[in-house]
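# Structural overview for review
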Amino acid sequence: MRQLVLAFISAFPLFMIAEEIDTTSKIRRNSWAFMPIFTINIPGNWKTLHVTKEPVFSYGGGLGLNYRIFLKFDIFIDANLSFCYDSIDMSSFTISDSDFFLHRWSVPLSVNLGYPFKLTEDKDIVPLVGQEFSYGFCHKYYRPKEINGYNHFNFSWGLGCGLRFYDKYEIDIMGYFGLFNFIKQANMNTYDNKIRMSLKYFF
């Protein structure tokens, strides 16, 4: 319950600063974007007693839609809705070293705050900070007996950067750090962390 309240409070200021802008502006207009996505999954354990010797990487991808809303001073909000498929390997987090992995479909919804810094006439560097809420459901699920299951819901903080060019394309790289315990097991706090890369095409 405490995490849900924190998520709501942290998201609230992002919507309070929105205001209408001149939609006739060619450069700073609200716009839609289509985006293919590539994901590197790095499940992590901030507090678990079972510490992995090295990070475990697994991969995924998906497709999504973005809507960019410009505020005053060129600050903008990105709302992203995606449909993703991920393979997540968590075998090294188990006591028995048994296989534990998911092949999972998920629906992430993220809200990011950004500001474009102009590099050249047709290129911007775009720092990004935001939050992501996602719901996952399994296609395949293998787990050892000591694991009681996994949580379908996740909330994450995100930090990253983008490169926008020719007013039509943008490459974003975001790191998301999960805040909800991913595995249902006593004394094991494992979080759904990831690096997400997307190529946005604005139209």
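Residues numbered from 1 in each chain as written. Predicted model: local features only at pLDDT ≥ 70, side-chain atom pairs only at ≥ 80, totals over all residues. Heavy atoms only, no water.

### Concerning the packing of aromatic side chains
This is how it is decided: Put simply, two rings from Phe, Tyr or Trp (the six-membered ring, in Trp's case) pair if the centres are within 6.5 Å, and we call them stacked under 30 degrees between planes, edge-to-face over 60, tilted for the rest. Numbering goes from the N terminus for both helices and strands, where a helix is a DSSP run of H or I of at least four residues and a strand is a run of E of at least two. Exposure categories follow from relative accessible area, calculated using a 1.4 Å probe and restricted to protein chains: below 20% of the type maximum is buried, above 50% is exposed, and the middle band is partly exposed. Any Lys NZ or Arg CZ found within 6 Å of a ring centre and within 35 degrees of that ring's normal is scored as a charge over the ring.
This structure, assessed with the given rule, holds 13 aromatic pairs. With 5.0 Å between their ring centres and 55° between their planes, Y135 and F153 make a pair best called tilted. In this pair, Y135 sits in strand β6 (residues 123-142) while F153 sits in strand β7 (residues 153-165), placing the two residues 18 residues apart along the sequence. For F153, a relative accessible area of 45% gives the class partly exposed. By way of ring pairs, the aromatic residues F133, Y135, F137 and F153 are connected into one cluster. The ring of F76 has R68 lying over it, and the distance from NZ or CZ to the ring centre is 3.9 Å.

### A few points about the pairing of strand β1 (residues 31-41)
Consecutive side chains of a regular strand alternate in pointing toward one face of the sheet and then the other. Keep this limit in mind: Note on pairing: DSSP must find at least two bridges between two strands before they are called paired.
In terms of strand pairing, β1 meets strand β2 (residues 58-70) through 11 bridges, oriented antiparallel. For F38, the partnering residue across the bridge sits in β2 and is G61. Direction of pairing for β1 relative to strand β9 (residues 194-202): antiparallel, over a ladder of 7 bridges. Directly across from A33, in β9, lies its bridge partner F202.

### Comments concerning the nonpolar core
What counts is decided by this rule: In plain words, nonpolar cores are sets of buried Ala, Val, Leu, Ile, Met, Phe, Trp, Tyr and Cys residues tied together by side-chain atoms within 4.5 Å.
In this structure, I88, M90, F100, L102, Y150, F182 and I183 together form the largest nonpolar core, which totals 7 residues. Formed by 6 residues, the second largest nonpolar core is a distinct cluster that contains F76, L128, M174 and Y176.

### Topic: the pattern of salt bridges
Pairing between side chains of opposite charge can happen when their charged atoms approach one another. To keep things clear, this is the line we draw: Every case where a carboxyl oxygen of Asp or Glu lies within 4 Å of a side-chain nitrogen of Lys or Arg is listed as a salt bridge.
Throughout the structure, instances matching the rule amount to 10 salt bridges. Overlapping salt bridges, with partners in common, bring together R104, E132, D192, K194 and R196 in one network.

### Overview of the pairing of β2
Bridging between β2 and strand β3 (residues 76-89) involves 11 bridges; their strand directions are antiparallel. Counted as the bridge partner of L65 is L81 from β3. The antiparallel pairing of β2 with β3 creates a hairpin that spans 5 residues between the two strands, and F73 there sits at a positive phi of about 60°.

### A closer look at the confidence of the model for the protein chain
Low pLDDT means the predicted atomic positions in that stretch should not be read closely. For the record, the criterion: Predictor confidence is given residue by residue as pLDDT, running from a minimum of 0 to a maximum of 100. Contacts between residues were defined by any pair of non-hydrogen atoms, one from each residue, lying within 4.5 Å.
Averaged over all residues, the pLDDT of the protein chain equals 80, while 69% of them reach at least 70. Low pLDDT, under 50, characterises residues 15-26; the stretch is placed with 16 contacts to residues that sit more than four places away or in other chains. Residue range residues 47-51 is modelled with pLDDT below 50. Its contacts to residues more than four positions away, or to other chains, number 11 contacts.

### Section: the environment of N112
By secondary structure assignment, the location of N112 is in strand β4 (residues 101-114). The sequence separation of N112 and F76 amounts to 36 residues, and the corresponding C-alpha distance is 8.3 Å. In this structure, N112 is in contact with F76, I77, D78, N80, V129, G130, Q131, M174 and Y176, ignoring residues within four places of it in sequence.

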